[in-house]
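# Examination of the molecular architecture
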Amino acid sequence: MNVELPFAPVDTIIRRNAGDLRVSADASKELATRIQEHGSELAIDAAEHATEDGRKTLMAEDFGVEQVVDKDDLELPVAPVDRIARLEIDDRYRVSMDARIALADILEDYADNVAEAAAILARHADRRTITDDDIETYFSLFE
């Protein structure tokens, strides 16, 4: 699978949860891949909601978001999130700007939760670096 999301913003999200821990490049890559998978799944569900409402445009409310944040407050860039949203849905759907921002916000919260748990796992293993194993362990434990 080709990962649409750049690793740098994902690395930043992990680092803001890591405290004094280092972050491996593989951890950023693994989390970016997981974010992309989750975003695609959310977009499929949102497309189903839009279809039920007789629309071809995904809106923020299709992602369960009522209040859309300012995109400048997000670490994840909106353009790659838009590409993630379109990976698994039919080309007949459009994704509104508010829906892109809402999805980016949801995915950033998701990434923060995973990164926080990965930092706890690394500390528990008495390591100074968050690795892809910590990300994978989180998912094996909690999903």
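Only a predicted model underlies this, so the values are computations on that prediction, with no experimental measurement involved. (Residues numbered from 1 in each chain as written. Predicted model: local features only at pLDDT ≥ 70, side-chain atom pairs only at ≥ 80, totals over all residues. Heavy atoms only, no water.)

### Concerning the overall build of the protein chain
- Looking only at helices and strands, the protein chain features five helices and four strands.
- Over its C-alpha atoms the protein chain spans a radius of gyration of 16 Å, differing by no more than 12% from the 15 Å that the globule rule assigns to 143 residues.
- Expressed as a percentage of the 143 residues in the protein chain, the buried residues total 48%.
- Within the protein chain, counting contacts between residues at least 6 apart in sequence, those at least 24 apart form 71% of the total.
- For the protein chain, the exposed area adds up to about 7700 Å²; of that, 45% sits on carbon and sulfur atoms.
- Of note, the protein chain has its 16 positive side-chain charges centred 5 Å away from the centre of its 34 negative side-chain charges. (Helix = DSSP H or I, 4+ residues; strand = E, 2+ residues; numbered from the N terminus. Rg over C-alpha atoms; globule rule 2.2 N^0.38 Å. Buried < 20%, exposed > 50% of the residue type's maximum accessible area, 1.4 Å probe, protein only. Contact = heavy atoms within 4.5 Å. Areas by Shrake-Rupley, 256 points an atom, 1.4 Å probe, with all protein chains shown as cover. Lys, Arg positive; Asp, Glu negative; His and termini not counted. Charge placed at Lys NZ, Arg CZ, Asp CG, Glu CD.)

### Focus: the packing of helix H1 (residues 7-18) against helix H2 (residues 25-52)
- The N-to-C vectors of H1 and H2 enclose an angle of 105°; their axes lie 9 Å apart at closest approach. Taken together, the axes of H1 and H2 lie roughly perpendicular to each other. Residues Phe7, Val10, Asp11 and Ile14 of H1 pack against Ala27, Ser28, Lys29, Leu31, Ala32 and Ile35 of H2.
- Across the contact of H1 with H2, the residue classes break down as seven nonpolar, one polar and two charged. (Axes fitted to C-alpha atoms, helices over the stretch in contact; angles between N-to-C directions. Parallel < 35°, antiparallel > 145°, perpendicular 65-115°, else oblique. Nonpolar A, V, L, I, M, F, W, Y, C, P; charged D, E, K, R; others polar.)

### A look at the UniProt feature "domain: Transcription factor CBF/NF-Y/archaeal histone" (unreviewed entry) in the protein chain
- Those residues carrying the UniProt feature "domain: Transcription factor CBF/NF-Y/archaeal histone" (unreviewed entry) are residues 4-62 and 75-136 in this numbering.
- Counted over residues 4-62, helix gives 68% and strand 7%. Its end C-alpha atoms are 22 Å apart.
- Between the end C-alpha atoms of residues 75-136 the distance is 22 Å, and the span holds 68% helix and 6% strand. (UniProt positions renumbered as here; feature names shortened; annotations may be inferred.)

### Points about the packing of H1 against helix H4 (residues 97-124)
- In contact at an axis separation of 8 Å, H1 and H4 are set at 50° when each is read in the N-to-C sense. On the basis of the axis angle, H1 is oblique to H4. Read as a crossing pair, H1 and H4 show a hand that is right-handed. Together, Ile13, Ile14, Arg16, Asn17 and Ala18 of H1 and Glu108, Ala111, Asp112, Ala115, Glu116, Ala119 and Arg123 of H4 make up the contact between the two elements.
- Looking at the contact of H1 with H4, its residues break down into six nonpolar, one polar and five charged. (Left-handed = near helix turned anticlockwise from the far one by under 90°.)

### Brief notes about the nonpolar core
- Counting residues in hydrophobic clusters, the biggest one holds 47 residues, and the most contacted among them are Val10, Ile14, Leu31, Ile35, Leu58 and Ile130.
- Contributions of two or more residues to this core are made by H1, H2, helix H3 (78-86), H4 and helix H5 (132-142).
- Looking at this core element by element, the count peaks at 15 residues for H4.
- Apart from residues no more than four positions distant in its own chain, Ile14 is found in contact with Val23, Ala27, Ser28, Leu31, Ala115 and Ile130. (Core = buried A, V, L, I, M, F, W, Y, C linked by side-chain atoms within 4.5 Å.)

### Thoughts on the pattern of salt bridges
- Taken as a whole and assessed by the stated rule, the structure comprises 12 salt bridges.
- Between Arg86 and Asp82 there is a salt bridge, with the nearest N and O atoms lying 2.9 Å from each other. Placement of both Arg86 and Asp82 in helix H3 is noted, with a separation of four residues, approximately one turn of the helix.
- Classification of Arg86 as partly exposed rests on a relative accessible area of 32%.
- Residue class for Asp82 comes out buried when judged on its relative accessible area of 13%. (Salt bridge = Lys/Arg side-chain N within 4 Å of Asp/Glu carboxyl O.)

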